[in-house]
Amino acid sequence: MDRTQKAALFSAGIGLAVTALKFYAAWLTGSLALYSDALESIINVVAAVGAFVALRVAARPADEDHPYGHHKAEFFSAVIEGALIVVAALLILRESYSGLLAPEPLDAPLIGLAINFGAGIINAAWAVALMRWGKRWRSPALIADARHVFADVVTSCGVLAGVGAVILTGYPVLDPVVAGLVALNILWSGFRMVRESVDGLMDRAAPAEMVSQIRSLISQHGEGALEAHDVRTRSAGQATFIDFHLVVPGAMTVEDSHAICDRLETALETTIPGAVVTIHVEPGEEAKARGLPVL
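Reference entry: report on the structure contained in this document. Everything numeric in this text was worked out from a predicted model, so none of it was measured.

This paragraph deals with the pattern of salt bridges. Taken as a whole, this structure holds three salt bridges when the rule is applied. Between Asp37 and Lys22 there is a salt bridge; the shortest N-O distance is 3.0 Å. In this pair, Asp37 is assigned in helix 2 (residues 32-58) and Lys22 in helix 1 (residues 3-29), connecting sequence segments 15 residues apart. For Arg232, the salt bridge is made with Asp243, and the minimal N-O distance between the two is 3.0 Å. Of the two residues, Arg232 sits in strand 1 (residues 227-236) while Asp243 sits in strand 2 (residues 239-247), which places them 11 residues apart along the sequence. Connected through shared salt-bridge partners, Lys22, Asp37 and Asp152 make up one network.

Written out as structure tokens, the structure reads:
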């Protein structure tokens, strides 16, 4: 297993421990909000397992049936995780509605708060680590998992506030009200995650700052060529596919134009992690006014 797979597998273990703590707190108190929080944490475990499977698939080398590799498996994982977050939010809303119809007093709320708070601290620390690793290793699956854990942390904060309000005011109806409000926030988080993952599946271009960097590298390291045009990018998991047309003088030999391509590929692959570069060489008469001039 590589480092991303190990992180995803460990995330499932963290999720199991946190879920157990939350269900224990819900059982002690009878709090609907704490129970809803525990329900959301179950989805964390399922999502972490899904991320692990996706990373295993994405790590497979290219084969005859998948010549571009299996990188997009991570986006599928992120879509599934986003959908699970939406399901969790809907379950919490249902429980909140039931609680509004028949609010009940809480048992041992302070102990339940303490246990849930401890579980939230564990989740928050793990979410920060996952997000840092996901960005550093450019893993959509880990980033999606981190966002899911962050959503769980938000749930826990809202739940703690709700249970605390019940204790201070003596109004048990506040318990399901806060649970419902937090569920709406989780619903938005899940929708955003699905939208971003679908963008990846639809071959969305690399971020604007990365595209600008790519164009700058082509301009700086394409000495001997005339221009580059039709620069295109797309991201798939940890890979960034880059292709463009490189215009060279018509009299240039194949060997010389190949040397320029090698130099460009080296510069791009060294600077852009996971870059996969394809260059189409054209003669001088193919130059376009909108092309990228080579310095």
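Pairing analysis gives eight bridges linking strand 2 to strand 3 (residues 275-282), with the strands arranged parallel. Following the sheet pairing, Phe241 is matched in strand 3 by Val276. A crossover connection joins strand 2 to the parallel strand 3 through helix 8 (residues 254-271); in handedness this β-α-β unit is right-handed.

Attention now goes to helix 5 (residues 140-169). Over its 30 residues, helix 5 extends 43 Å from the first C-alpha to the last, a length consistent with the 44 Å expected when each residue adds 1.5 Å. Here helix 5 lies mainly inside the structure; 21 of its 30 residues are buried. Positive phi shows up at Gly170, right after helix 5, with a value of about 80 degrees.

The residue Asp230 is not glycine, and still its phi comes out positive at about 55 degrees. Its place among the elements puts Asp230 in strand 1. Look at Asp230 and you get partly exposed, because its relative accessible area is 27%.

How each quantity is defined
Residues numbered from 1 in each chain as written. Predicted model: local features only at pLDDT ≥ 70, side-chain atom pairs only at ≥ 80, totals over all residues. Heavy atoms only, no water. Salt bridge = Lys/Arg side-chain N within 4 Å of Asp/Glu carboxyl O. Helix = DSSP H or I, 4+ residues; strand = E, 2+ residues; numbered from the N terminus. Pairing = 2+ DSSP bridges. Right-handed = clockwise from strand over helix to strand, strands pointing away. Expected span 1.5 Å × (residues − 1). Buried < 20%, exposed > 50% of the residue type's maximum accessible area, 1.4 Å probe, protein only.

Interpretation note: all reported values are geometric properties and have no functional meaning in isolation.
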